[in-house]
Amino acid sequence: MISINKKLALTALVTVMLSACGGSSSDSEEMVVVVPAPDPMFTYTYQVIVTNLTYAQPMSPVALVLHNEGQLWSVGEMASVALENLAESGDNSAVLAESIVLSGQGGAGLILPGMSEMVDVSYTVSDENNAPTMLSLATMLVNTNDAFTGINALAINNLAVGESISLTTSSYDSGTEKNSELMTTIPGPAGGGTGEGFNAERNDIDKVAMHSGVVSADDGLMVSALTQAHRFDNPTLAVMVTRTE
Amino acid sequence: MNTLLSNAVKKTTKIKNTALFLSTALLMSTSALTQAQELDIKVTNLTQGIHFTPILIAAHDGDTQLFKSGEMASSELQMMAEGGDISGLSTMLTTADKAENPAMGLLAPTMSTETMLSTADGNMYLSVVAMMLPTNDGFIGLNSWKIPTEAGMYTFTVNAYDAGTEANDEMITGGGAPGAAGIPAAPGMNAGTGGTGVTMTEDNAYVHIHRGSLGDDDLAGGKSDLDNTVHRWLNPVARITVTVK
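Residues numbered from 1 in each chain as written. Chains lettered and ligands numbered in written order. Predicted model: local features only at pLDDT ≥ 70, side-chain atom pairs only at ≥ 80, totals over all residues.

**As for the overall build of chain A**
- In terms of regular secondary structure, chain A is built from 3 helices and 10 strands.
- Listing the helices and strands of chain A from first to last along the sequence gives α-β-β-α-α-β-β-β-β-β-β-β-β. (Helix = DSSP H or I, 4+ residues; strand = E, 2+ residues; numbered from the N terminus.)

**A short note on the nonpolar core**
- Among the nonpolar cores identified, the biggest contains 97 residues, and Val128(B), Val129(B), Phe139(B) and Ile140(B) are the most heavily contacted of them.
- A total of 8 residues in this core trace back to one element, the largest contributor, which is strand 6 (residues 125-133) of chain B.
- Apart from the residues lying within four places of it in its own chain, the contact partners of Ile140(B) are Phe52(B), Val128(B), Val129(B), Ala130(B), Met132(B), Val158(B), Ala160(B), Val237(B) and Ala238(B).
- Judged by nonpolar contacts, the second largest core, of 7 residues, contains Ile186(A), Val215(A), Leu221(A) and Leu226(A). (Core = buried A, V, L, I, M, F, W, Y, C linked by C-beta atoms within 7 Å. Buried ≥ 20, exposed ≤ 12 C-beta atoms within 10 Å, placed from the backbone. Contact = placed C-beta atoms within 7 Å.)

**Looking at the sheet that holds strand 4 (residues 116-125) of chain A**
Residue and element names in this part refer to chain A.
- The sheet built from 4 strands is open, its strands ordered 4-1-10-7 with antiparallel pairing. The open sheet has two edge strands, strand 4 and strand 7 (164-169), and neither has a second partner. Direction aside, the axes of adjacent strands within the sheet are offset by 20° on average.
- Of the strand pairs in this sheet, strand 1 (residues 42-52) and strand 4 are connected by 10 bridges, and their pairing is antiparallel. Bridge pairing links Val 48 to Val 119 in strand 4. (Pairing = 2+ DSSP bridges. Axes fitted to C-alpha atoms, helices over the stretch in contact; angles between N-to-C directions.)

**A short note on the sheet that holds strand 9 (residues 209-210) of chain A**
Residues and elements named next belong to chain A.
- Spatially, the 6 strands line up as an open sheet ordered 3-2-5-6-8-9, and their pairing is antiparallel. Every interior strand has two partners, whereas the edge strands, strand 3 (103-106) and strand 9, have only one.
- The sheet contact formed by strand 5 (residues 134-140) and strand 6 (residues 147-155) spans 6 bridges and is antiparallel. Looking at the pairing, Met 140 lines up with Phe 148 of strand 6.
- Running over the sheet, helix 2 (residues 81-89) touches strand 2 (63-67), strand 5 and strand 6 and is turned about 40° from strand 5.

**So, the environment of Glu117(A)**
All names here are of chain A.
- Tracing the backbone through its elements, the reader meets Glu 117 in strand 4.
- Sequence-wise, Glu 117 and Ile 49 are 68 residues apart; in three dimensions their C-alpha atoms are separated by 5.6 Å.
- Non-local contacts of Glu 117, meaning those with residues more than four positions away in its chain, are made with Val 50, Gly 107, Ala 108 and Ile 111.

**Structural notes on helix 2 of chain A**
All names here are of chain A.
- With respect to burial, helix 2 is a largely interior element, 7 of its 9 residues being buried.
- By the burial criterion, the buried members of helix 2 are Ala 82, Leu 83, Glu 84, Asn 85, Leu 86, Ala 87 and Glu 88.
- Residues of helix 2 that are buried in the fold lie against strand 2, helix 3 (93-96), strand 5 and strand 6.
- Following helix 2 by one or two positions, Gly 90 adopts a phi angle in the positive range, close to 85°.

**Description of the interface of chain B and chain A**
- Each partner contributes residues to the interface: chain B has 18 residues there, and chain A has 18 residues.
- For the side of chain B that touches chain A, the per-class residue count stands at 6 nonpolar, 9 polar and 3 charged. (Nonpolar A, V, L, I, M, F, W, Y, C, P; charged D, E, K, R; others polar.)

**Quick look at helix 3 (residues 75-83) of chain B**
Residues and elements named next belong to chain B.
- The buried count for helix 3 comes to 7 of 9 residues, which makes it a mostly enclosed element.
- Listed as buried for helix 3 are Glu 76, Leu 77, Gln 78, Met 79, Met 80, Ala 81 and Glu 82.
- Phi turns positive one or two residues past the end of helix 3, at Gly 84, with a value near 75°.

**A few points about the pairing of strand 1 of chain A**
- Strand direction decides the pairing type here: strand 1 of chain A and strand 10 (residues 237-243) of chain A, joined by 7 bridges, are antiparallel. Bridge assignment links Asn52(A) to a residue of strand 10 of chain A, and that residue is Leu237(A).

**Here's the deal with the confidence of the model for chain B**
- The predicted model of chain B averages 89 in pLDDT, with 86% of residues at 70 or higher.
- Across residues 1-32 of chain B the pLDDT falls below 50, and counting only partners more than four positions away or on other chains, this stretch makes 16 contacts in the model. (pLDDT = per-residue confidence, 0-100.)

**Quick notes on the confidence of the model for chain A**
- Averaged over all residues, the pLDDT of chain A is 90; the fraction at 70 or higher stands at 88%.
- For the stretch residues 1-26 of chain A, pLDDT sits under 50, and the model shows 16 contacts to residues farther than four places along the chain or on other chains.

**As for unusual backbone geometry**
- The peptide bond linking Asn234(A) to Pro235(A) adopts the cis configuration, its omega dihedral lying at 0°.
- Structurally, Pro235(A) can be placed in the loop between strand 9 and strand 10.
- Here Leu133(B) and Pro134(B) are connected by a cis peptide whose omega angle stands at 0°.
- Tracing the backbone shows Pro134(B) in the loop between strand 6 and strand 7 (138-146).
- In this structure, Glu181(A) is a non-glycine residue whose phi angle is positive, near 60°.
- Residue classification places Glu181(A) among the buried positions, given that 25 C-beta atoms sit within 10 Å.
- In this structure, Glu170(B) takes a positive phi of about 60° despite not being glycine.
- Its location among the elements puts Glu170(B) in the loop between strand 8 (152-162) and strand 9 (208-209).
- On the neighbour-count criterion, Glu170(B) (25 C-beta atoms within 10 Å) is buried.

Right under this line is the structure:
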């Protein structure tokens, strides 16, 4: 296991440094360095392949996290400020820093329609009883006001190395920004690059719900910056989670 | 038989917990044929802008169906889908175990309601229906889900159906009686007036998956009295969690 090798190498390095230190110290006759045997370490690694199933909704860089309590969102509850950030602006940093997160990994960049990205996340523990039990993922549909999709607290505790779980995801509305579809409110390319992202004001129902889809100017919302191309239906992502270590 | 099973249980306790679990499941599935089941049932409205009228939950035998896709709605289903009146369906269910109106009225967007249900011999299938407001004859529908005999928590989502009994004119007229045109009420935000009607015909007279509401961006006119940024939805529209005790 890589982690054990790393730990051993680190221990060896520390020993050498301490010996060197001891050798240069003229006052001490001899220094005995006791290096405890390394604890066994257990690393859990999950490879997640995310595929964007939409026609014209780029997905913001994903937030992929391991945790063993809580969830990133709950229908009927207020969105956390971290989730609001992700859902309104596509910024995953606050979700990755949520207190429940044992280990988090951000995506490399936007996942364009039809494209896939592979993201790995790992967590190392010294006690197998502290293994991560849940995996969550969130990403914004960037040509919307505050739509996001992802996986919420997927149970991974029974997933053996080499086993996979495949699923598709539905889209949610963080409830923190009214779905005006105005150009000034869409952070994705449909907003022309000047649309606002995060705004702390909450002017929608302030509860997470499933998303009702975008209307678009082509389908009767004259002020909308969106076109028929930005409409989407569920599901919006295909996800495969494989435990690789 | 009892001695045999208890011997089996005794044996398995010595071997493995998982084996014990399996024989417990076997015991339960055997007893389920002769004993009632106790269920906790939770229904969550996943939509952002649609209310559910009183919900009817029923455990029934394999010959009973509240509705069936591709067949014409019964007059009792029509009463429920057009006006939210579940009394007809309830009366029809003579041998079923029922939970009527667990939310004590409307179930607002993103809200949940919970109820208990004791099922009798042979009532092995679960069905759930409730009208969706504001729609002409849209309803949430679960048809004959086989209730598991193994204890545990089971979660699934359900879709929106159209009873096929009324034209989806999307005009909020108060028309809730079977055969009366129009939508009885829009309990949430943004009910419009003065719409000219989206369509005056219902060409598919069979129960089918609802195509969704159209709405418009003119609350004082246009074709529809619905708001296209508030009263649309995507499937699924409800989540049901059944705990088999």
